[in-house]
Amino acid sequence: TFWAAYELGNYRRREGPDLDIQGIQTDDYVLLWARNPQFIWLCAKEGRKPEPQPEGRLALKGVRDGRYSVTWRDTVTNEVLLQREVNAEGGRLVVDTPAITRSAAARVVQPARRTDTGPAP
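Source: prediction; values computed, not measured. (Residues numbered from 1 in each chain as written. Predicted model: local features only at pLDDT ≥ 70, side-chain atom pairs only at ≥ 80, totals over all residues. Heavy atoms only, no water.)

**What about the nonpolar core?**
Formed by 19 residues in total, the largest nonpolar core has its most connected members in Leu32, Leu60, Tyr68, Trp72, Leu93 and Val108. Breaking this core down by element, the ones donating at least two residues are strand 2 (29-35), strand 3 (56-61), strand 4 (66-74), strand 5 (80-88), strand 6 (92-97) and strand 7 (103-109). The residues contacting leucine 60, other than those within four sequence positions of it, are Val30, Leu32, Gly91, Arg92, Leu93 and Val95. (Core = buried A, V, L, I, M, F, W, Y, C linked by side-chain atoms within 4.5 Å. Buried < 20%, exposed > 50% of the residue type's maximum accessible area, 1.4 Å probe, protein only. Helix = DSSP H or I, 4+ residues; strand = E, 2+ residues; numbered from the N terminus. Contact = heavy atoms within 4.5 Å.)

Written out as structure tokens, the structure reads:
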């Protein structure tokens, strides 16, 4: 009898809305892109419409603590889908995602900190 064992490495467990998420981050700025996997040329060619994905939550790690402004926009129409103010604590920021039919982008910004002590210009 031959037995084989397999170990899964670098796999991701997907829970919640079916969205592909990508992002880039600096110390005080995060850009996110969420795409419904059904939003592809083949579906459009066949006349199928993507099934809307419900609202959800996205947890980001390694984010500087503080207050952030989050704005989600539809990437096709530029319509604002969701706007929130959220707090990052312990390097973790939880961002609500809007219902997404095609794709959406989010700008997550921490207001600039004033480091000078002189009068404002």
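**What to know about the environment of leucine 58**
Mapped onto the secondary structure, leucine 58 falls in strand 3. Here leucine 58 falls in the buried class, since its relative accessible area comes to 17%. For the pair leucine 58 and valine 94, spaced 36 residues apart in sequence, the C-alpha separation works out to 5.6 Å. Residue contacts for leucine 58: discarding those within four places in its chain leaves Ile21, Leu32, Leu93, Val94, Val95 and Thr97.

**Notes on the sheet that holds strand 5**
Overall, antiparallel pairing links the five strands, which are arranged 1-2-7-4-5 in an open sheet. Looking along the sheet, the strands with just one partner apiece sit at the ends: strand 1 (20-25) and strand 5. Taken pair by pair, the neighbouring strands of this sheet meet at an average axis angle of 15°, ignoring direction. As paired elements, strand 4 and strand 5 share eight bridges and run antiparallel to each other. Paired with serine 69 across the strands is glutamate 85, a residue of strand 5. (Pairing = 2+ DSSP bridges. Axes fitted to C-alpha atoms, helices over the stretch in contact; angles between N-to-C directions.)

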